[in-house]
Amino acid sequence: MRYISVILIIFNFMYARDNVAMIDFEANNVEESVAQALTEEVLVEMIKLNIYQVVERSKMRELIQEQNFQNSGCVNTACAVELGNILGVKYIITGTVNLVGNLYSVNAKMILVENGVITKTASHKDRNIENLMEFGMKDVANQLCDLIYESEKIDKQIDIESEISIKNSDSDEGFWPWKFEESKHEKQKALKEEPSIPNIKVFICV
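Residues numbered from 1 in each chain as written. Predicted model: local features only at pLDDT ≥ 70, side-chain atom pairs only at ≥ 80, totals over all residues. Heavy atoms only, no water.

Some points on the overall build of the protein
Right, on to step 1. Scanning the protein from N- to C-terminus turns up seven helices and six strands.
Right, on to step 2. Ordered by position from the N terminus, the helices and strands of the protein form the series α-β-β-α-β-α-α-β-β-β-α-α-α.
Right, on to step 3. Accessible surface, the protein: about 14800 Å² in total, of which carbon and sulfur atoms supply 54%. (Helix = DSSP H or I, 4+ residues; strand = E, 2+ residues; numbered from the N terminus. Areas by Shrake-Rupley, 256 points an atom, 1.4 Å probe, with all protein chains shown as cover.)

Here's what the structure looks like:
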């Protein structure tokens, strides 16, 4: 029984996830609500990836209130490290949301609370705020977790452009545009279900 307990302790130690907390990203030339929404999206995506033990926002607020710590405007490394020590986490993530002209950019960094060293950085740029929310924050979360994000945006755009191209092309029978009568999956299914021609052997007697 003692050996089983030792094995479980070693197993938990080897596979224990490092805990991390995230501060609201600083808003530069964008509304605070936008920066908060993007921060929340990165947080949710990191929870989904299940690489780190992410401190929930409600738990963060509770600990901050208990310590009477004012985290508003906490954007520099020293402040982030102090907050990280209060929360008892190994890493803390800070970032900025910027708007220059019509280009949005999100930059994040992961800080080792023990010594204030930046261990990872992540960034994503887009001219469309909806794309930034839907795809960009997934990319940022993956970068912070040392993963490569295969963007759904690219596949989605290819499908849209293919459909537009087909609809705008001319058929062989005239100038009427083609129609998307079936999806790609339906076409693949039809090909799989197409009956094969049996191999018939013919013998000729002389």
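Here we look at the pairing of strand β4 (residues 91-100)
Right, on to step 1. Burial within β4 is extensive, with nine of its ten residues counted as buried.
Right, on to step 2. Summarising the sheet, strand β1 (residues 19-22) and β4 pair through three bridges and their orientation is parallel. Directly across from A21, in β4, lies its bridge partner I92.
Right, on to step 3. Bridge analysis of strand β2 (residues 26-28) against β4 gives three bridges, and the strand direction is parallel. Residue pairing for β4: N28 is matched across the bridge by N98.
Right, on to step 4. Bridging between β4 and strand β5 (residues 103-112) involves ten bridges; their strand directions are antiparallel. If you follow G95 over to β5, its bridge partner there is A108. (Buried < 20%, exposed > 50% of the residue type's maximum accessible area, 1.4 Å probe, protein only. Pairing = 2+ DSSP bridges.)

Quick word on the side chain of K120
Right, on to step 1. Considering the arrangement of structural elements, one finds K120 in strand β6 (residues 117-126).
Right, on to step 2. A distance of 3.3 Å separates a polar side-chain atom of K120 from the backbone oxygen of L144.
Right, on to step 3. Side chain to side chain, K120 and D146 meet in a polar contact 3.2 Å long. (Polar contact = N/O pair within 3.5 Å; in protein donor to acceptor, adjacent residues only side chain to side chain.)

Quick look at the nonpolar core
Buried together is how nonpolar side chains tend to be arranged in soluble globular proteins.
Right, on to step 1. Counting residues in each nonpolar core, the largest one holds 28 residues, and the members touching the most others are V42, M46, I93 and L144.
Right, on to step 2. Among the secondary structure elements, those contributing two or more residues to this core are β1, α2 (32-49), β4, β5 and α5 (129-144).
Right, on to step 3. In contact with L144, other than residues within four places in its own chain, are V42, M46, Y52, I93, A108, M110, K120 and A122.
Right, on to step 4. One finds V55, F69, C79 and L83 within the second-largest nonpolar core, a separate group that totals 17 residues. (Core = buried A, V, L, I, M, F, W, Y, C linked by side-chain atoms within 4.5 Å. Contact = heavy atoms within 4.5 Å.)

Focus: the side chain of T96
Right, on to step 1. Following the sequence through the fold, T96 ends up in strand β4.
Right, on to step 2. In terms of polar contacts, T96 uses its side chain to reach the side chain of N98, at 3.3 Å.
Right, on to step 3. Each residue touching T96, except ones within four places of it in the same chain, is listed here: F25, E26, N28, S105, V106 and N107.

Some details on α5
Right, on to step 1. At F135, α5 is bent by approximately 40°, the largest bend along its length.
Right, on to step 2. Residues of α5 that are buried: L132, F135, G136, M137, K138, D139, V140, A141, N142 and L144.
Right, on to step 3. One side-chain oxygen at the N-terminal end of α5 lies 2.8 Å from the backbone nitrogen of E130; it belongs to N128.
Right, on to step 4. Two residues or fewer after α5 comes D146, characterised by a positive phi angle close to 60°. (Bend = angle between axes of the 7 residues up to and from the residue.)

Focus: empty space enclosed by the protein
Right, on to step 1. Evaluation of the coordinates by the stated rule reveals one cavity of 30 Å³ or more.
Right, on to step 2. Taken as a whole, the largest cavity encloses approximately 40 Å³ of empty space.
Right, on to step 3. Along its surface, the largest cavity is lined by I23, D24, F25, E26, C74, V75, T94 and G95. (1 Å grid on protein atoms, 1.4 Å probe; cavity = no way out; pocket = protein on both sides within 12 Å on 5 of 7 lines; lining within 4 Å. Points joined across faces, edges and corners; volume = space filled by probe spheres on them.)

Considering the pairing of β6
Right, on to step 1. Where β5 lies against β6, nine bridges are found, and the strand directions are antiparallel. Looking across to β6, one finds that V106 is bridged to H124.
Right, on to step 2. Hairpin connection from β5 to β6: four residues lie between these consecutive antiparallel strands, with G116 at a positive phi of about 75°.

Regarding the pattern of salt bridges
Right, on to step 1. One pass over the structure, following the stated rule, counts five salt bridges.
Right, on to step 2. With a shortest N-O distance of 3.7 Å, D18 and K90 are connected by a salt bridge. A residue pair is termed long-range when its members are at least 10 positions apart, and D18 in the loop between α1 (2-15) and β1 and K90 in the loop between α4 (77-87) and β4 qualify at 72 residues.
Right, on to step 3. Taking the relative accessible area as the measure of exposure, K90 reaches 36% and is therefore partly exposed.
Right, on to step 4. The partner of R57 in a salt bridge is E40, and the shortest N-O contact between them spans 3.4 Å. (Salt bridge = Lys/Arg side-chain N within 4 Å of Asp/Glu carboxyl O.)

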